[in-house]
Amino acid sequence: MKSNHNRRLRRWGRMAAVGAAGAVLALTAASPAGAATSPKTNSLTPAYDSPFAPQALVGGIFGGWPVTMRCWRDGAWANGTNRWFFVEGGGYNPFTGRPAYVRGFVSANKITNQIRVDRCR
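A. Molecular detail of the overall build of the protein chain. Looking only at helices and strands, one finds one helix and seven strands in the protein chain. Overall, the protein chain shows an N-to-C arrangement of helices and strands of α-β-β-β-β-β-β-β. Relative to its 121 residues, the protein chain shows a buried fraction of 26%. The contacts in the protein chain between residues at least 6 apart in sequence include a share of 53% that link residues at least 24 apart. By element, 57% of the accessible surface of the protein chain is carried by carbon and sulfur atoms, the whole surface being about 8,300 Å².

B. Quick peek at unusual backbone geometry. Residues Ala53 and Pro54 are joined by a peptide bond in cis, for which omega reads -5°. By secondary structure assignment, the location of Pro54 is in the loop between strand S2 (45-48) and strand S3 (57-61). In the Ramachandran plot, Asn79 falls in the positive-phi region, its phi being about 55° despite a non-glycine side chain. For Asn79, the location among the structural elements is in the loop between strand S4 (67-78) and strand S5 (81-92). One non-glycine residue, Asn113, lies in the positive phi region at around 55°. Structurally, Asn113 is set in the segment after strand S7 (111-112). Asn113 gets classed as partly exposed once you look at its relative accessible area, which sits at 36%.

C. Quick peek at the pairing of S5. Pairing geometry for S3 and S5, over two bridges, is antiparallel. Within S5, the residue paired with Ile61 across the bridge is Gly91. With eight bridges joining them, S4 and S5 adopt antiparallel strand pairing. Looking at S5, one finds that Val67 is bridged to Gly89. Remark: two residues form the turn of the hairpin made by S4 and S5, two consecutive strands paired antiparallel; Asn79 in that turn has positive phi of roughly 55°. In the sheet, S5 pairs with strand S6 (residues 99-107) via nine bridges, with the strands oriented antiparallel. Bridge pairing in S6 links Tyr92 to Pro99. Counted between consecutive antiparallel strands, the loop separating S5 from S6 contains six residues, among which Gly97 sits at a positive phi close to 80°.

D. How the structure looks around the pattern of salt bridges. Evaluated as defined, the whole model comprises three salt bridges. The shortest N-O distance in the salt bridge between Asp74 and Arg83 comes to 2.6 Å. Glu88 is paired through a salt bridge with Arg103; the nearest N and O atoms lie 3.0 Å apart. Highlighted residues: Glu88 in strand S5 and Arg103 in strand S6, separated in sequence by 15 residues. Bridged by salt links that share partners, the residues Arg70, Glu88 and Arg103 form one connected network.

Cut-offs and rules
Residues numbered from 1 in each chain as written. Predicted model: local features only at pLDDT ≥ 70, side-chain atom pairs only at ≥ 80, totals over all residues. Heavy atoms only, no water. Helix = DSSP H or I, 4+ residues; strand = E, 2+ residues; numbered from the N terminus. Buried < 20%, exposed > 50% of the residue type's maximum accessible area, 1.4 Å probe, protein only. Contact = heavy atoms within 4.5 Å. Areas by Shrake-Rupley, 256 points an atom, 1.4 Å probe, with all protein chains shown as cover. Pairing = 2+ DSSP bridges. Salt bridge = Lys/Arg side-chain N within 4 Å of Asp/Glu carboxyl O.

As far as function goes, none of this settles anything; it's purely spatial.
Quick look at the structure:
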C-alpha cells in the first residue's frame, strides 16, 4: 500500500515540475523577442539645433537617461563621427540650468543601444 502512495506522490511531483517549467516558458515567450534596453546617453550630452557648424546649444541631456531617437543626419565631425541623431529626452535648459525636456541633435557616439531610425528630412 505504501508503494502505491509513493508512486502517486512522484507522479504529482513530476506534474508540478512540468507545470512550473511550462509557466516559466510562457512568461519568457510573452516578452518581445527584441526587447532590449532603450536608447540612452552614455554621459552628459549637449544637444544642438543643427548637426552642421556653427551650432546653437539648445540643452543638455542627462547621462544615462533614456532618449527617443527620431532620425539621423550626417553633419559636422564630433566625437569621432559625423553622424548625428535628433533625439528627445530629459535634460536641462542651458540658460536657466533648470530641468527641461530637450529636443535636438546629439553626436551618434553619445547614444548607446541605438535603434534604426530614418534619415531626417
